[in-house]
Amino acid sequence: MTAVKTAVFPVAGMGTRTLPATKAIPKELLTIVDKPVLQLAVEEARAGGIERFVFVTSGIKTAIATHFRRDIALEKKLEAKNKMDILDAVKGAAIPEGDLLFVEQHEALGLGHAVWCARHAVGNQPFAVLLPDDAIQGESSIKEMLAHHTDPKQQSIAVMEVPLEDTKKYGVLDVETDDGKVATAKGMVEKPDPSVAPSRLAVVGRYILPPEIFHPLNEKKLGAGNEIQLTDAIDAIKGECPIRGIRFSGRRFDCGSKKGFVEANVAYGMADPEVRPVIENLLKTLG
Ligand code: G1P
């Protein structure tokens, strides 16, 4: 197992699919029950042993910094009122000083470009990438992926089977071998039309990548949708850095869409003993 201590979180997206909710609020701070979706991704990374968090922002998302910074005045108020549970939850959300880095992405040129913007913060070591739109409920997928990340040069990618008609929404693996848990791949294609999709094994927003990924990203070549695609960079270095698709045991929600966001709230609510009976009762009355 390779030790991976740094994770990159691209958080510069516009949140177009969730407007008008995300007109004033960064989409990464939309809440699933009582936590911002970005905090769920941070917690998942932490459970996988990540200690340094690199947020790639567009410079206007000060609310994200506020959420992950300690607020000593608020902590004192909660302590004085003896609200210890809330105090613990607030403290637990904070990332320690020096472990949170913000890097700027000036133009929305694509996921590959966002990851490239983090190159100096990452340095010359393997690192994780988590797309906070994808909430994964259950075991940390980063932890599960690391258990299969045996070679520091390997490119590990969380994958799931999708219906053929959905391949155009995802990066898709060109599968070579597949033992039901880990697949080896001959390559990767971004958002292929179902008629040319090499498989139905789609990429979910969790990656463990070697620093070699920055070589093709430096070239800033445009790919699908006229964007600099992370998928293309992964494919470009497959010769020296083998691609492994790793299935995860958790349940994934696309929180960048209205439907996925509502599903996530119901699923996380059902897992919360205080909220579960409320949902159950409401569903009975609704119908
Ligand atoms: C991105 C990646 C894609 C991946 C998807 C997972 O696409 O480019 O390969 O399958 O995330 O959520 P996006 O959804 O940002 O268009």
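A brief look at the structure comes next. (Residues numbered from 1 in each chain as written. Predicted model: local features only at pLDDT ≥ 70, side-chain atom pairs only at ≥ 80, totals over all residues. Heavy atoms only, no water.)

### Examining the site of the ligand
Here's step 1: Within the structure, the ligand sits among 13 residues, and Asp134, Gly171, Glu190, Lys191 and Val203 are positioned closest to it.
Here's step 2: Glutamate 190 is positioned with one of its side-chain polar atoms (N or O) 2.7 Å from an oxygen atom of the ligand.
Here's step 3: Taking lysine 191, its side chain carries an N or O atom lying 2.7 Å from an oxygen atom of the ligand.
Here's step 4: Look at the ligand: alone it shows 380 Å² of surface, and the protein chains cover 74% of it.
Here's step 5: No other element matches the three residues that strand 11 (residues 201–209) contributes to the shell around the ligand.
Here's step 6: For the shell around the ligand, the class distribution of residues is five nonpolar, four polar and four charged. (Near = heavy atom within 4 Å. Polar contact = N/O pair within 3.5 Å; in protein donor to acceptor, adjacent residues only side chain to side chain. Areas by Shrake-Rupley, 256 points an atom, 1.4 Å probe, with all protein chains shown as cover. Helix = DSSP H or I, 4+ residues; strand = E, 2+ residues; numbered from the N terminus. Nonpolar A, V, L, I, M, F, W, Y, C, P; charged D, E, K, R; others polar.)

### Looking at the packing of helix 10 (residues 258–270) against helix 11 (residues 276–286)
Two packed helices can be described by the angle between their axes and the distance between those axes.
Here's step 1: One can describe the packing of helix 10 onto helix 11 by two numbers: an axis separation of 7 Å at closest approach and a directional angle of 120°. Classed by the angle they form, the pair helix 10 and helix 11 counts as oblique. Contacts between helix 10 and helix 11 involve Val266, Gly269 and Met270 from the former and Arg276, Ile279 and Glu280 from the latter.
Here's step 2: Residue composition of the contact of helix 10 with helix 11, grouped by class: three nonpolar, one polar and two charged. (Axes fitted to C-alpha atoms, helices over the stretch in contact; angles between N-to-C directions. Parallel < 35°, antiparallel > 145°, perpendicular 65-115°, else oblique. Contact = heavy atoms within 4.5 Å.)

### Some thoughts on the nonpolar core
Here's step 1: Phe127, Tyr207, Ile213, Leu217, Leu230 and Ile234 are the most contacted members of the largest nonpolar core, which totals 34 residues.
Here's step 2: Elements that contribute at least two residues to this core include exactly strand 4 (52–57), helix 5 (111–117), strand 6 (127–130), strand 8 (155–161), strand 10 (182–190), strand 11, helix 8 (214–218) and helix 9 (230–236).
Here's step 3: Apart from the residues lying within four places of it in its own chain, the contact partners of isoleucine 213 are Phe127, Gln155, Leu230, Ala233, Ile234 and Ile237.
Here's step 4: Grouped together as the second largest cluster of nonpolar side chains are 31 residues, Ala41, Ile95, Ile142 and Ala202 included. (Core = buried A, V, L, I, M, F, W, Y, C linked by side-chain atoms within 4.5 Å. Buried < 20%, exposed > 50% of the residue type's maximum accessible area, 1.4 Å probe, protein only.)

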